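Examination of the molecular architecture
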Amino acid sequence: MDDEIEVTVDGISYKLSELSEAAQEQVANLRFVDAQMAELNAKLAVFQTARNAYQSVLQQLVPRVPQ
């Protein structure tokens, strides 16, 4: 079984080990940034959930104004 990492650029797959050192560095940079973005998106989901909860509590605490 071939566990070689492949990357796809413009629809073409390349074995990571066959890329130049500069190209491998860019793949590493992309993987790092993708991981950071995934972490930020997870945090954003937590913050959005907390915000929704705070807003819900606030809506229950403010006086009701008849319309």
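Summary of the structure given here.

The rules behind the values
- Residues numbered from 1 in each chain as written.
- Predicted model: local features only at pLDDT ≥ 70, side-chain atom pairs only at ≥ 80, totals over all residues.
- Heavy atoms only, no water.
- Helix = DSSP H or I, 4+ residues; strand = E, 2+ residues; numbered from the N terminus.
- Buried < 20%, exposed > 50% of the residue type's maximum accessible area, 1.4 Å probe, protein only.
- Areas by Shrake-Rupley, 256 points an atom, 1.4 Å probe, with all protein chains shown as cover.
- Lys, Arg positive; Asp, Glu negative; His and termini not counted.
- Charge placed at Lys NZ, Arg CZ, Asp CG, Glu CD.
- Pairing = 2+ DSSP bridges.
- Salt bridge = Lys/Arg side-chain N within 4 Å of Asp/Glu carboxyl O.

Overview of the overall build of the protein
Check the secondary structure of the protein and you find one helix and two strands. Element order for the protein, N to C, with α for helix and β for strand: β-β-α. Taken over the C-alpha atoms alone, the protein extends approximately 70 × 25 × 20 Å along its principal axes. Relative to its 67 residues, the protein shows a buried fraction of 6%. With an accessible surface of roughly 6,200 Å², the protein has 58% of that area assigned to carbon and sulfur atoms. Positive and negative side-chain charges in the protein, numbering 5 and 10 respectively, have mean positions lying 23 Å apart.

Observations regarding the pairing of strand β2 (residues 12-15)
Successive residues of a regular strand alternate their side chains across the two faces of the sheet. The pairing of strand β1 (residues 6-9) with β2 spans four bridges and is antiparallel. The residue of β2 that forms the bridge with Thr8 is Ser13.

Quick look at the pattern of salt bridges
Tallied over the full model, the rule gives one salt bridge. As a salt-bridge pair, Glu39 and Lys43 come within 3.5 Å of each other at their nearest N and O atoms. Of this pair, Glu39 and Lys43 both sit in helix α1 (residues 21-61), four residues apart, which is roughly one turn of the helix. On the accessibility criterion, Glu39 (40% relative accessible area) is partly exposed.

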